[in-house]
Amino acid sequence: MQDMIQLKDIHKSFGAQKVLDGLDLNIEDGQTTVIIGRSGGGKSVLLKHIIGLIRPDSGQVVVDGEDITKLNDKQLNEVRKKFGMLFQEGALFDSMTVGENVSFPLVEHTKMTDEEIRQVVAERLKAVGLTGVEGKMPSELSGGMRKRVALARAIALHPQIVLFDEPTTGLDPVLTEAINQLIIDTQRNLNLTCIVISHDIESIFRVGHKIALLYGGKIIEYGTPEEIRASKNPVLVQFLSGSTEGPIQIM
Amino acid sequence: MKGFLSLIDNLGKAVLRNVEEAGKILLLFFSVLSWAVRPPLKFKNIMKQMEFVGVKSIFVVVLTGTFTGMVMALQGYHGFRMFSAESLVGSTVALGMTRELGPVLTSLMVTARAGSAMAAELGSMRVTEQIDALYVMAANPIQHLIVPRIIAGIAMVPILTVVSDFVGIAGGYFVGVHVLQINEGLFLKNITKLVTLNDIYNGLVKAACFGLILSLVGCYKGFNTRGGAEGVGRATTEAVVLASISILVADYFLTAIMF
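Asks: So what's going on with the packing of aromatic side chains? Residues and values would help.
Replies: Residues and elements named next belong to chain B. Here the structure, examined in full by the defined rule, presents 5 aromatic pairs over all chains. Between Phe80 and Phe83, the aromatic rings sit 6.0 Å apart at their centres with planes inclined by 80°, giving edge-to-face as the arrangement. Overall, Phe80 belongs to the buried group, its relative accessible area being 17%. Over the ring of Phe52 we find Arg113; its NZ or CZ atom is 4.8 Å from the centre of that ring.

Shown next as structure tokens:
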């Protein structure tokens, strides 16, 4: 399997706090990789490195054969068009309607007519299980619907890679399952490379083709769900069992 | 001695912090300039902001302008009566409004209404990751969010100032002529005699500068918000305080240069 994204020896500190400490990770093309790790352990920072929102202190981020840490803003924008990202709270523009939110990337980066855009927006919303919500404001939607709309916006431009920042946090078990299924379907149907950050143990095994554990600023375990389940790594064992006893210190 | 040294230390840190902040605002201004001349301009966003900054501020501007003109007439009347120069009340109100109070009061009101809203809106967009979302979608937040607000500020504050000048003078006329019984002919004649077009123009140039200051500061504070809801509140307060002070300081220097 070819690697879509390679992170090589990434170091990143904020002030005195070292968040990433020589991190290496390869993300395979057309697969879903789940990154797990404790809260505040640098998972979101890692995701922001992949899309160039944060530059590393040292190290390389290679996306589709190109080291994005060396690019200027204009070149970086070209690379970003390959990405879609689902933010934790959706990050929908609350001054715009659902329709305007989903059409935003299309209006920005394509020369489609209004009619074509309307069709694509309806199509993408249908793909995430929503119809007839184009005229609503994000504030009128429930948390689960907002995430669906955000996913529709993330896949509007047919990206190759979609990043999910804790897609199921704060949702009830039924919605969690619905969003997981949505991630699986979207990944399969559009043949996407997906990177998912999650705390939810069930979701991890459900959506992930590969699972990576981030701990102490490094990836300390990486493998298929079966390999991860069978691992004897004490950090991983503690993380999966949710025990307070073990190498992970609670402040 | 130790206390004295720590005082110097704190003073130095405060100066450094402020110089750094001023530098960052200036850098933001330059990047706004470069994005403002780069097509495509976001006309829809600009119109929306103009409506918010301009149209929706008319009511407060009319109210403050009218009462300022009225109270100036009242105060001026008591002073001028001492040497029987009541007929100068009109021109005093008109000069005061066009040169000074029109632009300053208008921009302070717009700062309180729209400058604070800019900081709050951009601040909450920052903490809810909407600004990151723009970057991720390869769209520049300065072009989408800040340029329209600054264009609206520069364009609408002078227009509001014209309104404020007009209602201020009208308020002064009402109090002077109808309440205090000053001779209407002399009242109006002195206005046209003593107020030149330059007084009005210079007032409007000031207003445009203040519009730039209040929108730039509001956007800067909002755009650089950190730390959740509390951060948004802090950014909003800081934006109003910094913009108001900057407007009053800039007013002195602009007046010194222009009049």
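Asks: Can you tell me about empty space enclosed by the protein, naming the residues and giving the values?
Replies: The method is simple in principle: a probe with the dimensions of a water molecule rolls over the atoms, and the space it marks as empty is what remains. For the coordinates displayed, the defined rule picks out 2 cavities of 30 Å³ or more. One number sums up the size of the largest cavity: a volume of about 140 Å³. Phe83, Gly84, Pro105 and Arg153 of chain A together with Met137 of chain B are the residues nearest the centre of the largest cavity, which is lined by 15 residues in total. Every element with two or more residues in the lining of the largest cavity is listed here: strand E6 (83-86), helix H3 (98-109) and helix H5 (143-154) of chain A together with helix H5 (130-136) of chain B. Tallying contributions element by element places E6 of chain A first for the lining of the largest cavity, with 3 residues. Residues of the lining of the largest cavity, tallied by class, amount to 10 nonpolar, 2 polar and 3 charged.

Asks: Describe the sheet that holds strand E2 (residues 17-28) of chain A, and please don't skip the residues or the numbers.
Replies: All names here are of chain A. Spatially, E2-E1-E4-E5 is the arrangement adopted by the 4 strands of the open sheet, whose pairing is antiparallel. Because the sheet does not close on itself, it has two edges, and the strands there are E2 and strand E5 (66-67). Alignment of strand E1 (residues 3-14) against E2, held across 9 bridges, turns out to be antiparallel. Across the sheet, Ile10 pairs through a bridge with Leu23, a residue of E2.

Asks: An account of the side chain of Arg148 of chain A is requested, with residue identities and associated values reported.
Replies: Residues and elements named next belong to chain A. Checked against the element boundaries, Arg148 lands in helix H5. No salt bridge is formed by the buried Arg148; its nearest oppositely charged neighbour, Asp185, is found at 8.9 Å. Looking at Arg148, its side chain comes within polar contact range of the main-chain oxygen of Val128, at 2.5 Å. Dropping the residues within four chain positions of it, Arg148 is found in contact with Val128, Gly129, Leu130, Ala178, Ile179 and Leu182.

Asks: Tell me about the confidence of the model for chain A, and name the residues and values.
Replies: Looking at chain A as a whole, the pLDDT averages 87, with 99% of positions reaching at least 70. Mean pLDDT across the elements of chain A bottoms out in helix H9 (residues 234-241) of chain A (83) and peaks in strand E8 (residues 193-197) of chain A (92).

Asks: For the interface of chain A and chain B, give the residues involved together with the corresponding values.
Replies: Facing 21 residues of chain A, the contacting portion of chain B comprises 16 residues. Buried area between chain A and chain B, both sides added, is near 1,600 Å², and the carbon and sulfur share of it is 58%. Counting the contacts that link chain A with chain B gives 4 salt bridges. At the boundary of chain A and chain B, one finds 6 residue pairs in polar contact (both at pLDDT 80 or more). Put simply, the parts of the chain that give the side of chain A that touches chain B at least two residues each are helix H2 (73-80) and H3 of chain A. Looking at which element gives the most residues to the side of chain A that touches chain B, the answer is H3 of chain A, with 5 residues. Classifying every residue of the side of chain A that touches chain B by side-chain character gives 9 nonpolar, 4 polar and 8 charged.

Asks: For a nonpolar patch on the surface, give the residues involved together with the corresponding values.
Replies: Where nonpolar side chains cluster on the molecular surface, the patch consists of Met1, Phe4, Leu5, Leu7 and Ile8 of chain B and spans about 590 Å² of accessible area. Mapping Leu7 of chain B onto the fold places it in helix H1 (residues 2-36).

Asks: A description of unusual backbone geometry should follow, citing residues and the corresponding values.
Replies: Despite not being glycine, His158 of chain A has its phi angle at roughly 55°, a positive value. Checked against the element boundaries, His158 of chain A lands in the loop between H5 and strand E7 (161-165). Phi is positive for Ser84 of chain B, which is not a glycine, with a value near 50°.

Asks: Account for the domain arrangement of chain A, naming residues and giving values.
Replies: Residue and element names in this part refer to chain A. Each assigned domain of chain A is listed here: domain 1 (1-82 + 159-169 + 182-251) and domain 2 (93-158). On a C-alpha basis, the centroid separation for the pair domain 1 and domain 2 is 27 Å. Tallying the contact residues gives 13 residues for domain 1 and 10 residues for domain 2. Interface area lost by domain 1 to domain 2 is led by Lys81, Pro159 and Leu182, which between them contribute 56%. Across the domain 1-domain 2 interface, the total number found is 0 salt bridges.

Calculation criteria
- Residues numbered from 1 in each chain as written.
- Chains lettered and ligands numbered in written order.
- Predicted model: local features only at pLDDT ≥ 70, side-chain atom pairs only at ≥ 80, totals over all residues.
- Heavy atoms only, no water.
- Phe/Tyr/Trp six-rings, centres within 6.5 Å; stacked < 30°, edge-to-face > 60°.
- Buried < 20%, exposed > 50% of the residue type's maximum accessible area, 1.4 Å probe, protein only.
- Lys NZ or Arg CZ within 6 Å of the ring centre and 35° of its normal.
- 1 Å grid on protein atoms, 1.4 Å probe; cavity = no way out; pocket = protein on both sides within 12 Å on 5 of 7 lines; lining within 4 Å.
- Points joined across faces, edges and corners; volume = space filled by probe spheres on them.
- Helix = DSSP H or I, 4+ residues; strand = E, 2+ residues; numbered from the N terminus.
- Nonpolar A, V, L, I, M, F, W, Y, C, P; charged D, E, K, R; others polar.
- Pairing = 2+ DSSP bridges.
- Lys, Arg positive; Asp, Glu negative; His and termini not counted.
- Salt bridge = Lys/Arg side-chain N within 4 Å of Asp/Glu carboxyl O.
- Polar contact = N/O pair within 3.5 Å; in protein donor to acceptor, adjacent residues only side chain to side chain.
- Contact = heavy atoms within 4.5 Å.
- pLDDT = per-residue confidence, 0-100.
- Buried area = accessible area lost by both parts, 1.4 Å probe.
- Patch = residues over 30% accessible without salt bridge, like charges linked within 9 Å, V, L, I, M, F, W, Y side chains within 5 Å.
- Areas by Shrake-Rupley, 256 points an atom, 1.4 Å probe, with all protein chains shown as cover.
- Domains from an automatic or database assignment.

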